[in-house]
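What the coordinates show
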Amino acid sequence: MTSSTLPQDAPIGIFDSGVGGLSILRHIRAQLPHEHLLYVADTGFAPYGDKSEDVVAARSLAVARFLVARGAKALVVACNTATISAVKLLRESFPDMPIVGVEPGLKPAAGASRNGKVGVLATERTLVGAKFLQLRDQISAATGAEFLLQACRGLVDQIESGDAQATTQLLRRYITPLLEQGADTLVLGCTHYPLVRASIEDVIADSGARGIVLVDTGDAVARQLVRLLDAGRLLRAADDAEPASLHAYTSASAAALAAAFNSLVGIDLPVDEVAFERA
Ligand code: DGL
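First, a word on what this report is: a plain description of the structure on this page. Keep in mind the model is a prediction, meaning the values are calculated, not measured. (Residues numbered from 1 in each chain as written. Predicted model: local features only at pLDDT ≥ 70, side-chain atom pairs only at ≥ 80, totals over all residues. Heavy atoms only, no water.)

Let's shift gears to the side chain of Thr191. With respect to the element layout, Thr191 can be found in the loop between strand E7 (185-188) and helix H9 (197-207). Accessibility expressed as a relative area gives 3% for Thr191, which makes it buried. Of note is the side chain of Thr191, whose polar atom sits 2.9 Å from the backbone oxygen of Ala78. Not counting chain neighbours up to four residues away, the residues in contact with Thr191 comprise Asp16, Gly20, Gly21, Ser23, Ile24, Ala78, Cys79, Asn80 and Val102. (Helix = DSSP H or I, 4+ residues; strand = E, 2+ residues; numbered from the N terminus. Buried < 20%, exposed > 50% of the residue type's maximum accessible area, 1.4 Å probe, protein only. Polar contact = N/O pair within 3.5 Å; in protein donor to acceptor, adjacent residues only side chain to side chain. Contact = heavy atoms within 4.5 Å.)

A separate point is the site of the ligand. Around the ligand lies a shell of 13 residues, among which Ser17, Tyr48, Gly49, Thr81 and Thr191 are the nearest. At 2.8 Å from a nitrogen atom of the ligand is found a side-chain nitrogen or oxygen belonging to His192. With the chains in place, 99% of the 300 Å² that the ligand exposes on its own is no longer accessible. If you map the ligand onto the pockets, it falls in the largest cavity. Partitioning the shell around the ligand into residue classes produces five nonpolar, seven polar and one charged. (Near = heavy atom within 4 Å. Areas by Shrake-Rupley, 256 points an atom, 1.4 Å probe, with all protein chains shown as cover. 1 Å grid on protein atoms, 1.4 Å probe; cavity = no way out; pocket = protein on both sides within 12 Å on 5 of 7 lines; lining within 4 Å. Sits in = over half its atoms within 2 Å of the grid points. Nonpolar A, V, L, I, M, F, W, Y, C, P; charged D, E, K, R; others polar.)

Here we come to the state of the cysteines. In a disulfide, the sulfur atoms of two cysteines are held together by a covalent bond. Under the criterion given, the structure shown has zero disulfides. A disulfide-free cysteine, Cys79 has its sulfur positioned 6.6 Å from the sulfur of Cys190, the nearest such atom. With a relative accessible area of 4%, Cys79 lands in the buried category. Considering cysteine sulfurs only, Cys190 is the nearest to Cys152, which forms no disulfide, with 8.0 Å between them. Taking relative accessible area as the criterion, Cys152 reaches 6% and is therefore assigned buried. (Disulfide = S-S within 2.5 Å.)

Here the focus is unusual backbone geometry. Residue Pro47 is reached from Ala46 by a cis peptide bond, and omega for that bond is -5°. Mapped onto the fold, Pro47 is located in the loop between strand E2 (37-41) and helix H2 (53-69).

Let us now look at the environment of Phe261. Note on placement: Phe261 falls in helix H11 (residues 254-264). A residue is classified by how much of its surface remains accessible, and Phe261, at 0% relative accessible area, is buried. In this structure, the C-alpha to C-alpha distance between Phe261 and Ala248, residues 13 residues apart in sequence, is 9.2 Å. If near-sequence neighbours (up to four positions away) are discounted, Phe261 is found in contact with Leu22, Leu25, Tyr39, Leu246, Ala248, Gly266, Ile267 and Leu269.

The full count for this structure, using the stated rule, is four aromatic pairs. Ring geometry for Tyr39 against Phe261: centres 5.6 Å apart, planes inclined by 85°, an arrangement best described as edge-to-face. Residue Tyr39 is located in strand E2, and its partner Phe261 is located in helix H11; the two are separated by 222 residues in the primary sequence. You'll find Tyr39 and Phe261 in the same group, each marked buried. With 4.9 Å between their ring centres and 80° between their planes, Phe66 and Tyr249 make a pair best called edge-to-face. (Phe/Tyr/Trp six-rings, centres within 6.5 Å; stacked < 30°, edge-to-face > 60°.)

Further remarks concern the sheet that holds E7. The parallel open sheet is built from four strands, whose spatial order is E6-E5-E7-E8. Both outer strands of the open sheet, strand E6 (146-151) and strand E8 (213-215), are each paired with one neighbouring strand and no more. The mean angle between the axes of side-by-side strands here comes to 25°, regardless of whether they run parallel or antiparallel. Running at roughly 155° to E6, helix H6 (residues 130-143) makes contact with strand E5 (117-122) and E6 of the sheet. Taken strand by strand, H9 contacts E7 and E8, and its axis lies near 150° from that of E8. (Pairing = 2+ DSSP bridges. Axes fitted to C-alpha atoms, helices over the stretch in contact; angles between N-to-C directions.)

In the contact formed by helix H8 (residues 164-180) and H9, the axes pass within 9 Å of each other and the chain directions differ by 50°. With respect to their mutual orientation, H8 and H9 come out oblique. As H8 packs across H9, the resulting crossing turns out to be right-handed. Contacts between H8 and H9 pair Thr168, Leu171, Arg172, Ile175 and Leu179 from the former with Ser199, Ile200, Val203, Ile204, Asp206 and Ser207 from the latter. Each residue belonging to the contact of H8 with H9 can be placed in one class, and the counts come to six nonpolar, three polar and two charged. (Parallel < 35°, antiparallel > 145°, perpendicular 65-115°, else oblique. Left-handed = near helix turned anticlockwise from the far one by under 90°.)

Of the positions making up helix H1 (residues 22-31), those classed as buried are Leu22, Ser23, Ile24, Leu25 and Ile28. Close packing links the buried residues of H1 with strand E1 (12-16), E2, strand E3 (74-77), helix H10 (218-231), strand E9 (246-250) and H11.

On to the sheet that holds E3. Taken together, six strands build an open sheet; the order of strands is E4-E3-E1-E2-E9-E10 and the sheet is parallel. Whereas interior strands pair on both sides, the edge strands pair on one side only; in this sheet they are strand E4 (99-101) and strand E10 (271-273). On average, adjacent strands in this sheet sit at an angle of 20° to one another, irrespective of strand direction. Bridge count for E2 against E9 is five bridges, and the pairing is parallel. Bridge pairing in E9 places Tyr39 opposite Ala248. Set on the sheet, H2 makes contact with E1, E2, E3 and E9; between it and E1 the angle comes to about 155°. Against the sheet, H11 makes contact with E2, E9 and E10, and its axis sits at roughly 135° relative to E9, the strand it touches most.

Pasting the structure below:
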């Protein structure tokens, strides 16, 4: 990818179970336009959210090893489910590597809520994870916020399938009960959900609810990545002779991921199909 051996010129490795991580990649590209990026969509193993913590952790480690073997200088776990299940294991496995995870934005949501009722939309695996429950208890004790948890079974697959009408129907099924219970703030606790933000807003508007705040942590995740790279003197400088590159890998169809990049990020790029060794 690059002829340079400078650590700053190494790529940043980003992964998700599918296209959800593109909602994070968009912020990374905006804030770090000179960085080389590698993106893995582990679509062949998706969804992560209905698998056990051990299985998601082992798979995340295999994907992370793949990215590290391709020279990644930092890792972004662009998936709430993988972060909750595996970020500790990844930090133990790569102790010198800057690693940024994504967690549901409970703290900003508690700050944004006017009535202290916050709905959390996420995968089943995220919502039963010990790391998530600890975070909920901590923020709840500190702010008094009540978190209403909604596991969104089938939603990741539905978003991946690209059928907008069916996605909106499923969103309505999960969002309506939260609004009926009085939530004035909704946490998008899965990186796939910001990709259907317009449909989420439609469902809220149809319900008649007003002033509902949506919380998405993509921007904060990219800012944390900038901070860690800066602290490790790993930020790449602009180089007109070698502009920033982006390479994508998938454990399913290369054509499908290339199409998703085109429609969701607005770029055409090469995609390689890969298989991941179990750790
Ligand atoms: N984008 C992943 C997340 O943030 C989806 C996980 C899944 O595949 O179920 O949780």
